[in-house]
Amino acid sequence: MDIKKVAVIGGGTMGNGICHVFAMNGIPVNLVEMNQELAEEALATIDKNLERMVKKEKIDAEQKVQTLENIETHTETNEAVKDVDLVVEAVPENFELKKKVFAEVDKAAPKKTILASNTSSISITKLAATTSRPERFIGMHFFNPVPIMKLVEVVRGLDTDSDVVEMIEETAELLGKNPVEVADYPGFVSNRVLMPMINEAIYCVYEGVAEPEDVDQVMKLGMAHPMGPLRLADFIGLDVCLDILNVLYEGFKDPKYRPCPLLVKMVDAGKLGDKSGEGFYKHD
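The model shown is predicted, which means the values in this text are computed figures rather than measured ones.

Reading guide: rules and limits
- Starting afresh in each chain, residues are numbered from 1 along the sequence in its written order.
- Two thresholds apply to this predicted model, a pLDDT of at least 70 for residue-level local features and 80 or more for giving and counting side-chain atom pairs, whereas whole-chain, interface and lining totals are computed over all residues.
- Excluded from the side-chain calculations are hydrogens and water; all other atoms, namely the structure's heavy atoms, are used.
- Elements are defined by DSSP. Helices are runs of H or I of four residues or more, strands are runs of E of two residues or more, and each kind is numbered from the N terminus.
- The globule rule used here is 2.2 Å times the number of residues to the 0.38 power, and the radius of gyration it is set against is calculated over C-alpha atoms.
- For each residue, the accessible area found with a 1.4 Å probe, counting protein chains only, is set against the maximum for its type, and the residue is called buried under 20%, exposed over 50%, and partly exposed in between.
- Residue contacts are defined here by distance: any two heavy atoms, one from each residue, within 4.5 Å place the two residues in contact.
- To be clear on the numbers: accessible area is Shrake-Rupley with a 1.4 Å probe, and residue cover counts the displayed protein chains and nothing else.
- Expected helix span is taken as 1.5 Å per residue step, with the number of steps being one fewer than the number of residues.
- Taking the helix axis as origin, the arc is that swept by the directions to the C-beta atoms.
- Only a pair of cysteine sulfur atoms within 2.5 Å qualifies as a disulfide here.
- The criterion for strand pairing is that DSSP finds at least two bridges linking the strands in question.
- With the strands aimed away from the viewer, a crossover counts as right-handed if its path from the first strand over the helix to the second runs clockwise.
- Where helices are involved, their axes are fitted lines through C-alpha atoms of the stretch in contact, as for all axes, and angles between N-to-C directions lie from 0 to 180°.
- Put simply, a nonpolar core is a bunch of buried Ala, Val, Leu, Ile, Met, Phe, Trp, Tyr and Cys residues held in one set by side-chain atoms that sit within 4.5 Å of each other.

## Some points on the overall build of the protein
Then step 1. Looking only at helices and strands, the protein has 12 helices and eight strands in total.
Then step 2. In terms of overall size, the protein behaves like a compact globule, its C-alpha atoms giving a radius of gyration of 19 Å where 284 residues would be expected to give roughly 19 Å.
Then step 3. Projected onto its principal axes, the C-alpha coordinates of the protein cover approximately 55 × 45 × 35 Å.
Then step 4. When each of the 284 residues of the protein is scored for burial, the buried share is 48%.
Then step 5. Looking at the protein alone, contacts between residues at least 24 apart form 67% of all its contacts between residues at least 6 apart.
Then step 6. Accessible area of the protein: about 13700 Å², with a carbon and sulfur share of 53%.

As structure tokens, then:
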């Protein structure tokens, strides 16, 4: 089975990036959003990112046009998934929301269709169990910004068939990505390692060890990180960091994953990082 057509559910930061890479590599995409206005916003973001690639001479103007022609917007999930080989869910990191999405997708998509979640921490096995096809359910965790970042964590659930894993790895390679297979444990590998580091950096600020800029300077200059952990937290979204840490804390029942009280307070205050204009840094 080849992946000849894809549906992406959600056109936010991750969803529009996932649409971008599929469409740019010649695979038609149905982009699903809650309303046409949000769908148009997602298309505008893709257009802007493609134009940036044209200016940097990574693609030509004709490739940009072809990429946009490969994307069709939808506001009805059942229509968007009825003739696709792969559905990639990219809605916010909330189990109940994802469960609702997959209930609708599972009912409308052909039985051969592979269902994938872009979740960064929620159990693939748990999500798969809410569908009638756990053997055709998998994690496909892209990284932001999707058109640039090479990694895709391929997460095998308890019942995921090996041929599905192989197909998704081949598809990721077709997109110019490097797939890495990981087992289904909270946070997989990436966030199980990254989030405790971010959380500890926040504790350094909370306990008065150093200012955010200084914490980041130590990690950039001393550990060769391209971006400091607190700047990265702002980029990811402090609400997303908190959600992932809560999944880790609940999943392992280990206090080392307990979110720093400062992180909780900042999220409660609406200081979410880049998306809100303020987090550990001010953003225009």
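Having seen the structure, we can now continue with the description.
## Quick look at helix H7 (residues 162-174)
Then step 1. For H7, which comprises 13 residues, the first-to-last C-alpha distance of 18 Å matches the rise-based estimate of 18 Å (1.5 Å per residue) to within 8%.
Then step 2. All buried positions along H7 are accounted for by Val-164, Val-165, Met-167, Ile-168, Thr-171 and Ala-172. Taken around the axis of H7, the buried residues stretch over an arc of 165°, which confines them to a single face.
Then step 3. Among the structural elements, helix H1 (13-24), strand S4 (86-89), strand S5 (114-117), strand S6 (137-141), strand S7 (151-156) and strand S8 (178-183) are those in contact with the buried residues of H7.

## Brief notes about the state of the cysteines
Then step 1. Tallying each qualifying case throughout the model produces zero disulfides.
Then step 2. Cys-204 forms no disulfide, and the closest cysteine sulfur to it belongs to Cys-260, at a distance of 9.4 Å.
Then step 3. A residue is classified by how much of its surface remains accessible, and Cys-204, at 23% relative accessible area, is partly exposed.

## Some thoughts on the environment of Met-219
Then step 1. Residue position: Met-219 is located in helix H9 (residues 212-223).
Then step 2. A relative accessible area of 17% places Met-219 in the buried class.
Then step 3. Separated by 25 residues in the primary sequence, Met-219 and Ile-244 have C-alpha atoms spaced 22 Å apart.
Then step 4. Not counting chain neighbours up to four residues away, the residues in contact with Met-219 comprise Met-197, Ala-224, His-225 and Pro-229.

## Points about unusual backbone geometry
Then step 1. Residue Pro-145 follows Asn-144 across a cis peptide bond; omega there is 0°.
Then step 2. A positive phi is found at Glu-57, a non-glycine position, where the angle reads about 60°.
Then step 3. One can find Glu-57 in the loop between helix H2 (36-55) and helix H3 (61-69).
Then step 4. Positive phi outside glycine occurs at Phe-188, with the angle close to 55°.

## So, the pairing of S5
Then step 1. By the alternation rule, side chains of S5 split into Ile-114 and Ala-116 and Leu-115 and Ser-117, which are all buried.
Then step 2. Inspection of the sheet shows S4 paired to S5 by four bridges, in the parallel sense. Pairing of Leu-86 across the sheet is with Ile-114, part of S5.
Then step 3. In this region the chain leaves S4, passes through helix H5 (residues 95-108) and returns to the parallel neighbour S5; the handedness of that crossover is right-handed.

## Overview of the sheet that holds strand S2 (residues 29-32)
Then step 1. Spatially, the eight strands line up as an open sheet ordered S3-S2-S1-S4-S5-S6-S7-S8, and their pairing is mixed. Each having just a single partner strand, strand S3 (71-74) and S8 make up the two edges of the open sheet. Along the sheet, successive strands turn relative to each other by an average axial angle of 25°, direction set aside.
Then step 2. Two strands pair when backbone bridges link them, and strand S1 (residues 6-9) and S4 are joined in this way by four bridges, in the parallel orientation. Bridge pairing in S4 places Ala-7 opposite Val-87.

## Considering the nonpolar core
Then step 1. Of all hydrophobic cores here, the largest spans 37 residues; its most connected members are Phe-22, Leu-86, Val-88, Met-140 and Phe-142.
Then step 2. The residues contacting Met-140, other than those within four sequence positions of it, are Phe-22, Leu-86, Val-88, Ala-116, Ser-117, Asn-118, Val-152, Glu-153, Ile-168, Thr-171 and Ala-172.
Then step 3. Core analysis: the next-biggest nonpolar cluster, separate from the first, contains 24 residues, Leu-242, Tyr-257, Cys-260 and Leu-263 among them.

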